[in-house]
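# Coordinates in review
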Amino acid sequence: MKILLLIEKINLLVGRTVSFVVWFGAGVLVWEVVSRYGFGSPTVWAHGYTQRIFASYFILIGAYTLLRGGHVRVDILMIGRGPRTLGVFDSLNYVFLLIWTSALTYSGWEFYQEALLWQEKDDSALAHPLWPVKLILVIATGLIMLQAIAGLIRSLITVAVPSTYQNTSEVGAGSVSS
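The text that follows walks through the structure, step by step, so that each part is easy to find. Residue indices follow the written sequence of each chain, beginning from 1 at its first position. With pLDDT at 70 or above as the cut-off, local features in this predicted model cover only qualifying residues; side-chain atom pairs require 80 or more to be listed or tallied, and sums for whole chains, interfaces and linings still use all residues. For side-chain calculations, the full set of non-hydrogen atoms in the structure is used, while hydrogens and water are omitted.

## Description of the overall build of the protein
Counting from the N terminus, the helices are the DSSP runs of H or I reaching at least four residues and the strands are the DSSP runs of E reaching at least two. Helix and strand content of the protein: seven helices and zero strands. Listed by position from the N terminus, the elements making up the protein come as α-α-α-α-α-α-α. For the radius of gyration, the atoms used are the C-alpha atoms, and the globule rule reads 2.2 Å times the number of residues raised to 0.38. Here the C-alpha radius of gyration of the protein, 20 Å, is well above what a compact globule of 178 residues would show, namely 16 Å. Categorising residues by exposure relies on relative accessible area from a 1.4 Å probe, with only protein chains included: less than 20% of the type maximum marks a residue as buried, more than 50% marks it as exposed, and the intermediate range marks it as partly exposed. The buried share among the 178 residues of the protein stands at 35%. Of the contacts made within the protein by residues no fewer than 6 positions apart, 74% connect residues no fewer than 24 positions apart. Counting only carbon and sulfur atoms, one obtains 70% of the accessible surface of the protein, whose full area is about 11,000 Å². The positive charge centre, built from 12 side chains, and the negative charge centre, built from 10, are 11 Å apart in the protein. By definition, residues are in contact when any of their heavy atoms lie within 4.5 Å. To measure how exposed things are, a 1.4 Å probe is used in the Shrake-Rupley method; for residues, cover is taken only from the protein chains shown. In summary, the charge assignment counts Lys and Arg as positive and Asp and Glu as negative, without counting His or the chain termini. A charge is said to be at NZ when it belongs to Lys, at CZ for Arg, at CG for Asp and at CD for Glu.

## Considerations on the packing of aromatic side chains
Working definition: rings of Phe, Tyr and Trp (its six-membered ring) pair if their centres are within 6.5 Å, and the pair is stacked with planes under 30 degrees apart, edge-to-face with planes over 60 apart, and tilted otherwise. All chains considered together, the criterion is met by four aromatic pairs. An angle of 70° between the planes, with centres 5.1 Å apart, marks the rings of Tyr 57 and Phe 58 as edge-to-face. Both rings, one in Tyr 112 and one in Trp 131, keep their centres 6.4 Å apart while their planes meet at 65°; by these two values the pair is edge-to-face. Taken together, the residues Tyr 112 in helix H5 (residues 83-117) and Trp 131 in helix H6 (residues 131-160) connect sequence positions 19 residues apart. Through pairs of rings, three or more aromatic residues link up here, namely Trp 109, Tyr 112 and Trp 131.

## So, the pattern of salt bridges
For salt bridges, the criterion is a side-chain nitrogen of Lys or Arg within 4 Å of an Asp or Glu carboxyl oxygen. Taken as a whole, this structure holds four salt bridges when the rule is applied. Of the charged contacts in the structure, one is a salt bridge between Arg 36 and Glu 32, with a shortest N-O distance of 2.9 Å. With Arg 36 and Glu 32 both in helix H2 (residues 21-38), this residue pair falls four residues apart, about one helical turn. For Glu 32, a relative accessible area of 11% translates into the label buried.

## Quick word on a nonpolar patch on the surface
Patch building starts from residues that exceed 30% relative accessible area and form no salt bridge, then joins like charges within 9 Å and nonpolar side chains (Val, Leu, Ile, Met, Phe, Trp, Tyr) within 5 Å. A grouping of Val 88, Leu 92, Val 95, Phe 96 and Ile 99 is seen on the molecular surface, where their side chains present a nonpolar patch of about 460 Å² in accessible area. Of note, Val 88 is situated in helix H5. For Val 88, a relative accessible area of 37% gives the class partly exposed.

## Regarding unusual backbone geometry
Phi is positive for Gln 119, which is not a glycine, with a value near 50°. Turning to its location among the elements, Gln 119 is positioned in the loop between H5 and H6. Positive phi is not limited to glycine here, since Ala 127 has a value of about 50°. For Ala 127, the position within the fold is in the loop between H5 and H6.

## Regarding the side chain of Thr 101
Relative to the assigned elements, Thr 101 resides in helix H5. With relative accessibility at 0%, the residue Thr 101 sits in the buried group. Throughout this description, a polar contact denotes any pair of N or O atoms lying within 3.5 Å of each other; where both atoms belong to protein, one of them has to be capable of donating a hydrogen while the other can accept it, and for residues adjacent in sequence the pair is counted only when both atoms sit in side chains. A polar side-chain atom of Thr 101 sits 3.3 Å from the main-chain carbonyl oxygen of Leu 98. Excluding residues that lie within four positions of it along the chain, Thr 101 makes contacts with Thr 141, Ile 144 and Met 145.

## Section: the environment of Leu 29
Its location among the elements puts Leu 29 in helix H2. Since its relative accessible area comes to 40%, Leu 29 is described here as partly exposed. Through-space distance from the C-alpha of Leu 29 to that of Trp 118 is 31 Å; in sequence the pair is 89 residues apart. Here Leu 29 is in contact with Thr 50 and Phe 54, once residues within four sequence places are set aside.

## So, helix H3 (residues 46-60)
Taking 1.5 Å of rise per residue, the 15 residues of H3 would be expected to cover 21 Å, and the 21 Å separating its terminal C-alpha atoms lies within 8% of that figure. For H3, the complete set of buried residues consists of Ala 46, Gly 48, Thr 50, Arg 52, Ile 53, Ser 56, Tyr 57, Ile 59 and Leu 60. Of the surrounding elements, those touching the buried residues of H3 are helix H1 (2-18), H2, helix H4 (62-67) and H6. In this scheme, a helix's expected span is set at 1.5 Å multiplied by one less than its residue total.

Read these as layout, nothing more, since geometry by itself doesn't imply function.
Structure representation (structure tokens):
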């Protein structure tokens, strides 16, 4: 169980840290608006950077959102069910999530390697390298995968011992304290 707590603490730390990236992205957008409309001098870099900032934010916050039970759930199937049945449903969800994150992490790794090998750049005026964004995709999907593994193990424990069930979609918190 210590490894599960470690995974959850890492995702909690990453999620809380990355949540501040939104403010940095908003600052870049404000800078662009003031530069464009206040001084009549738009930037050539703000659009590309805001895309990278918000793309990184949205993918990196995924494991934290999973930990906190913030992803969309189909509760119509789960209403009125006992803890063991809920554990089975959660286990199935985590298995499908693991399939998805495995495929995305594998593909993301290939995209990252190709971007490095071919020195792939975006089509903006500054021609930024694309490998950092693709590396963030690999890291983020890896974190989601780890959180899914932790969730799957907890769900399987709930199937075996129903009294351990913790409904994170209702309480908004995983097993790690705020």
